[in-house]
Amino acid sequence: MEEGARSCLLQSRSSLEQDIRASYLMDHMISDGVLTGDEEDRIRSKPTRREQAVALLELLLRKDNQAYISFYNALVRESYGDLASLLHNSLPLVSPEAEKSFSDGGTRYVQAVLSEGGVPQRPVVFVSRPALMNRVREKLYRLQKEPGWVTVFGMAGSGKSVLAAEAVRDHALITECFPGGVHWLSIGQLDRSDLLVRIQSLCFRLEQQSQEKDPSSSLHRPPGSLEEAKERLRFLMLRRYPRSLLILDDIWDSSVLKAFDIQCRVLLTTRDRSLADCVSGPKSEVAVESGLEEGQALEILALYVNRKPQRLPEQARSIVRECKGSPLVVSLIGALLREFPDRWAYYLHTLQQKKFKRIRKSSSYDYDALDQAMAASIQVLSEEHRELYIDLTVLEKDVKVPAKVLSVLWDLEPEEVEDVLQDFVNKSLLFRDCHHRPYLYYLHDLQLDFLAEMNRSGLEVGLIHSNQWRLKGPPTSGDEECLYWFRFLTYHMAKANLTQELYSLMFSLDWVRTKAQIMGPAHLINDYLEYSTILDKEVRGHFQEFLSLNGHQLEQRPFPDVVQLALSQPDSSEVYRQALLQAQERATRGGLYLDWVNKSSLKSLSRLVVQPHQGSIYSACFSHDGTKIASCGSSKTLRVFKSTSGEKLLEIQAHDDEVLCCAFSLDDHLLATCSSDRKVKVWNVERGTLMRMFEDEHEEQVNHCQFTNTRRRLLLATCSNDKFMNTKLWNINKPSSQNTMFGHLEPVNHCCFSPDDAYLSTSSSDGTLKLWEVSSANEWKSIDVADMFPEQREQTEVMVKCSTWSAGGRTIICAARNAVFVFDVETAAMLLEIRTSRLSTVQYCHACPSTHVVAIDMTSYVSSLQLWDIETSKKMADCSGHLSWVHGVQFSPDGSLLLSCSDDQTVRVSVCVCICASAVCLSIICPICLHQLTLLVWRWRTGECVVLEGHKEQVRCFSLLTTTPSSETHLLSWSFDGTIKVWDMSSGERLQDLVCHQGAVLACDVSPDGQLFATTSADKTAKVWSSASWECVRLLNGHQDCVRSCRFSWDGRRLATGDDNGEIRLWNVKDGTLLKICSRDNKDAMDSLHGGWVTDLHFSPDNTVLLSTGGYIKWWNVEKGEALQTFYPTGANLKRIHVSPDFSTFVTIDNIGILYILKKVE
């Protein structure tokens, strides 16, 4: 960099560091080729805007004049005119002729050099690929001091020739490395005679140019043979053009390349990366594996049809995705569309149908149709290898396979297969993923589509039959071949029309268990959806429903017992039928399985249950086409998955703090997120890349974000905990907010566009709901929701949690405290009030887009979802299911599904059309009733009552105690006051008052012989007491949390205790020693070891099995302390379980009122 330019940068450094946003400027500098992707990443890794600016300026000071000019132009383009003026007077000249021009790619000097050397001009339609171009230039700079070879290789139509020509269109590169000039020679597929003609032509051109510069030199006769031509070219390149670059375009044959092995500087383009192995000298290479970025490809199409990229039809993106950004395909179709601008749908359909012969256009490219370019690559293979290559048609798109899979297909040894694949890779006919061991291989979609036209029958059948022996069980770690078959066996069966074999495989519970354990449930669900037209509809529905409802269980480790899960399916289900048969067979060998015998009285509403994050999920939303769901939460991540199967499509570490909301744009191409880190980010859904970040305007956490609903304009609304400037509208193409709404004086919790985007509603902690005109950002209406709570307004603040618009936009619904209000938008009059329980809080509400139904999420001690019809003012249904607080609900775009997310780490998709309220109440009538601090003992025949008073805090429970030797029966009660009291039930006299623990007594159990009783407490201890002396005989320490339950074995030799962390301990009653700890090494995916507190314990009559309840029900082997079986209820927080005397039937109820009658399978 010139000294004047460097000095000016240093003088202006403080002003630049204070004001510039490096991320905006770097995009332009990368396009100009003065900044590399790695340099950009290093700068973006700096934590603050100012540190990024400092890093950019430090890097700039180490670069040349071109970087200074690019930086100046970037300032101008990003409206930093005042800062650009500081640098203007010191703009350097990059050559004596003129300043560097970033629009045409070079100076007049560069244009003259390239024109003399026969380098092709830029295509009429051109888009820069700066990252690849910089890599080529980096390799060319290595030729500055010594001769060598730079190979640019890639598949047909990947843009190698344009890239090579563009790489040398650089003033500094030519003056520093190749002052002798740049000479271009197009080769192609030539025989020896044609090659001689090409070299003769090149030599004549070089001699002619030399004579123009030195008239004393003379022209020679054309060389008569290849050997003579090679020597003539060597002489010219070494003597007359000693520091020049020879570009050989489109080399196919190593024998051709040897003719240019003359110790000069060579850049060659080829489809075969191995060609340079036959020549001498230093070598380097650049792979052109990927196509154009979507934005670049769309820009090319836009230039061809003379439109802006934003104005292109939706088919344009589909065309780019279908061809994976292939420059050849994009250019061919663009040229066709220039003449037929209404054929977008036609050419998209042509691509999808693989009719490559129809994609044909005369151009400067060697092949005027796509099928010709693809066929030319294959024709250079030997006949044997050509046959093997065509066999690759059996592979699926975007799938990487190990060599062992192909060794089965080709019936070759793995080493032979690897040699063949290496040949394909060298010729750019196949790609290799070197990040895996063993290597994985894959085809570009265009290559696979071309091969599909040559599909040969019988390949799939042979492939499957030769592998049937390989699927005996789960693969070992790292067994890529076995993993491949578990993932794609169904694909090959369907492609081979092996319908009966496919039916037997996919409708097998064994296959479901093994594949779910290896691949997860999403792949299985996708299989049932993919082959739905082949499979029996009814049976397919059985398996699909089972996987959807139990998907979150099948992702747990340790892996659950699939047979036990399947026994909860309806009796009419094929899944249940197979599970029952397997359970009965395993029961004969000592296995333990439970059949839920009363399940037919319940109807499951959940269509899909997914556990996408570790931690609470704060937001989940449908894409506008209903095919995807995005979720975010305390894990700081954003995940996108399929709404039908839960298969993960995208996962991003989105923010530095909890992600509070996510929202799709109308076209589903963008996703916005907002966070407690005060930042708002916009992501590209397809690529998972960050498109825009707004990080400085919100000073507190950003609570909610939403895109506009119509195509009229794309805006993003956000709201935050800021005191005043808490609601903003953003145009994502601009670096700062477009408008700020002023009016709320407290945090804004939620914002929502009206269906026509005319208004924006905001819900605030100041107790108001405000409606704003989007066009002007002016307040239109303000509704004081706090006035609806006159009796409470003076005591506590009224917080409006959220709002939602009705389908027609005529009414708006909002939630505050324990109520939901419906207001008329025009008059602001209240039309309907829905009041819930006094102890409840409405957390969220959402209106169905197709009906008058509103979903309301309420929390009190548990979370509850209700559906209300706001036309009839009636509650339609209760739809409980989550195990913890629900943070958000949303209807699908067509209103048929309901999406909810919760602190229980799950996202649930429920069917709305069949929702029905169902709850079961379990009532137990007993002669002794618990009432606050007292016990009431009733004589049920006479109705007389004895009141037992004495506890200072609430009585926890009671038990009968028969003492020896008198055989008198007394009442034992325990309380939160830490005491145990013994009562005479006839007189009500208190016989004993024992201070047992320092904390509340949570459980008590009497030994079968009545001589001992055990107590457990919140002080984390358990104690064993003598009923004769009323003294503590054993103190049991070791639990790390409240000990909530205990039970003696029937022989009185063991005591089981369970705590709030889900841990169960087995003790020797005789000496108080610890025998076993259950669950210690088998922690489940829930927060505790048992999915919750251990609330109840029971021994089997033979004392070999222990039953426990908590978040779910478990059966344990007493001797080993190992789990025998687990039953997962729909709800949670199981309190008690009743056990039949023969230990074969179990009855309990969960927190959402579902009754479970479980019977042991015999």
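All values derive from a computational prediction rather than experimental measurement.

A. Local environment of the nonpolar core. Grouped together as the largest cluster of nonpolar side chains are 78 residues, with contacts concentrated most on Leu392, Trp410 and Phe424. The element contributing the most residues to this core is helix α25 (residues 480–495), with 9 residues. Grouped together as the second largest cluster of nonpolar side chains are 31 residues, Ala5, Leu25, Leu61 and Ala84 included.

B. Geometry of the packing of helix α21 (residues 403–410) against helix α22 (residues 414–426). Between α21 and α22, whose axes approach to 9 Å, the crossing angle comes to 105°. Of the possible angle classes, the one that applies to α21 and α22 is roughly perpendicular. Across the interface between the two elements, Ala403, Leu406, Ser407 and Trp410 from α21 touch Pro414, Val417, Glu418, Val420, Leu421 and Phe424 from α22. Grouping the amino acids of the contact of α21 with α22 by side-chain chemistry returns 8 nonpolar, 1 polar and 1 charged.

C. Spatial organisation of unusual backbone geometry. Phi at Asp668 is positive, roughly 65°, even though this residue is not glycine. If you trace the backbone, Asp668 turns up in the loop between β15 (659–664) and β16 (670–675). A residue is classified by how much of its surface remains accessible, and Asp668, at 7% relative accessible area, is buried. Phi is positive for Trp1030, which is not a glycine, with a value near 60°. Along the polypeptide, Trp1030 turns up in the loop between β47 (1022–1026) and β48 (1032–1036). Given a relative accessible area of 15%, Trp1030 falls into the buried group.

D. How the structure looks around the pattern of salt bridges. One pass over the structure, following the stated rule, counts 39 salt bridges. We note a salt bridge from Arg21 to Asp696, for which the minimum N-O separation is 2.6 Å. Taken together, the positions of Arg21 in the loop between α2 (13–19) and α3 (22–31) and Asp696 in the loop between β18 (689–694) and β19 (702–707) put the pair 675 residues apart, joining distant regions of the chain. For Arg1136, the salt bridge is made with Asp1096, and the minimal N-O distance between the two is 3.7 Å. Taken together, the residues span a long stretch of sequence, with Arg1136 in the loop between β56 (1122–1127) and β57 (1137–1139) and Asp1096 in strand β53 (residues 1096–1099) at a distance of 40 residues. Using a relative accessible area of 43% as the deciding quantity, one classes Arg1136 as partly exposed. Through salt bridges that share partners, Arg13, Glu17, Arg50 and Glu58 make up one connected network.

E. Just the confidence of the model for the chain, in detail. Mean pLDDT over the chain: 83, with 86% of residues reaching 70 or higher. Overall, residues 94–105 carries pLDDT values under 50, and its contacts beyond four positions in sequence, including any with other chains, amount to 32 contacts. A low-confidence stretch, residues 362–368 (pLDDT under 50), is modelled with 17 contacts involving residues beyond four sequence positions or located in other chains.

F. Summary view of the packing of aromatic side chains. Evaluation of the coordinates by the stated rule reveals 20 aromatic pairs. Ring geometry for Trp596 and Tyr1156: centres 4.8 Å apart, planes at 35°, overall tilted. Linking Trp596 in strand β9 (residues 594–596) with Tyr1156 in strand β59 (residues 1155–1160), this pair joins segments that are 560 residues apart in sequence. Tyr1156 carries the same exposure label as Trp596, and that label is buried. Ring geometry for Phe789 versus Phe821: centroids 5.7 Å apart, planes at 85°, classification edge-to-face. Here Phe789 is found in the loop between β26 (779–784) and β27 (800–805), whereas its partner Phe821 is found in strand β29 (residues 819–824), with 32 residues between them in sequence. By relative accessible area, which is 0% here, Phe789 ends up buried.

G. Region of the structure containing the sheet that holds β29. With respect to topology, 4 strands assemble into an open sheet ordered β27-β28-β29-β30, the strand pairing being antiparallel. Of all strands in the sheet, those bounded by a partner on one side alone are β27 and β30 (830–835). Direction aside, neighbouring strands of the sheet carry axes that sit 20° apart on average. By the bridge criterion, 5 bridges tie β29 to β30 in an arrangement that is antiparallel. Across the sheet, Val820 pairs through a bridge with Ile834, a residue of β30.

H. Fine view of the sheet that holds strand β55 (residues 1113–1117). Read from one edge of the open sheet, 4 strands run β53-β54-β55-β56, paired in antiparallel fashion. In this open sheet, the two strands that pair with only one neighbour each are β53 and β56. Averaged over all adjacent pairs, the angle separating strand axes in this sheet is 20°, with direction ignored. Pairing between β53 and strand β54 (residues 1105–1109): 4 bridges, direction antiparallel. Opposite Phe1099, over in β54, you have Leu1106 as the bridge partner.

I. Up close: the packing of helix α16 (residues 314–322) against helix α18 (residues 344–352). Taken N-terminus to C-terminus, the directions of α16 and α18 make an angle of 20°; their axes are 9 Å apart at the nearest point. Accordingly, the angle class assigned to the pair α16 and α18 is roughly parallel. Note on packing geometry: the crossing formed by α16 with α18 is left-handed. On α18, the residues that touch Gln315, Ala316, Ser318, Ile319 and Glu322 of α16 are Trp344, Ala345, Leu348, Leu351 and Gln352. When the residues that make up the contact of α16 with α18 are grouped by side-chain class, the tally is 6 nonpolar, 3 polar and 1 charged.

J. Just a negative patch on the surface, in detail. Among the surface-exposed residues, Glu384, Asp411, Glu413, Glu415, Glu416, Glu418 and Asp419 lie close enough to one another that they form a single negatively charged patch. It is α22 that provides the largest number of residues to the negative patch, a total of 4 residues.

K. Structural context of the pairing of β27. Counted residue by residue, β27 has 5 buried out of 6 residues, so it is predominantly covered. With 5 bridges joining them, β27 and strand β28 (residues 811–816) adopt antiparallel strand pairing. Bridge pairing in β28 links Trp805 to Ile812. Counting the residues in the hairpin turn of β27 and β28 gives 5 residues, including Gly809, whose phi is positive at 80°.

The rules behind these values
- Residues numbered from 1 in each chain as written.
- Predicted model: local features only at pLDDT ≥ 70, side-chain atom pairs only at ≥ 80, totals over all residues.
- Heavy atoms only, no water.
- Core = buried A, V, L, I, M, F, W, Y, C linked by side-chain atoms within 4.5 Å.
- Buried < 20%, exposed > 50% of the residue type's maximum accessible area, 1.4 Å probe, protein only.
- Helix = DSSP H or I, 4+ residues; strand = E, 2+ residues; numbered from the N terminus.
- Axes fitted to C-alpha atoms, helices over the stretch in contact; angles between N-to-C directions.
- Parallel < 35°, antiparallel > 145°, perpendicular 65-115°, else oblique.
- Contact = heavy atoms within 4.5 Å.
- Nonpolar A, V, L, I, M, F, W, Y, C, P; charged D, E, K, R; others polar.
- Salt bridge = Lys/Arg side-chain N within 4 Å of Asp/Glu carboxyl O.
- pLDDT = per-residue confidence, 0-100.
- Phe/Tyr/Trp six-rings, centres within 6.5 Å; stacked < 30°, edge-to-face > 60°.
- Pairing = 2+ DSSP bridges.
- Left-handed = near helix turned anticlockwise from the far one by under 90°.
- Patch = residues over 30% accessible without salt bridge, like charges linked within 9 Å, V, L, I, M, F, W, Y side chains within 5 Å.
- Areas by Shrake-Rupley, 256 points an atom, 1.4 Å probe, with all protein chains shown as cover.
- Lys, Arg positive; Asp, Glu negative; His and termini not counted.
- Charge placed at Lys NZ, Arg CZ, Asp CG, Glu CD.

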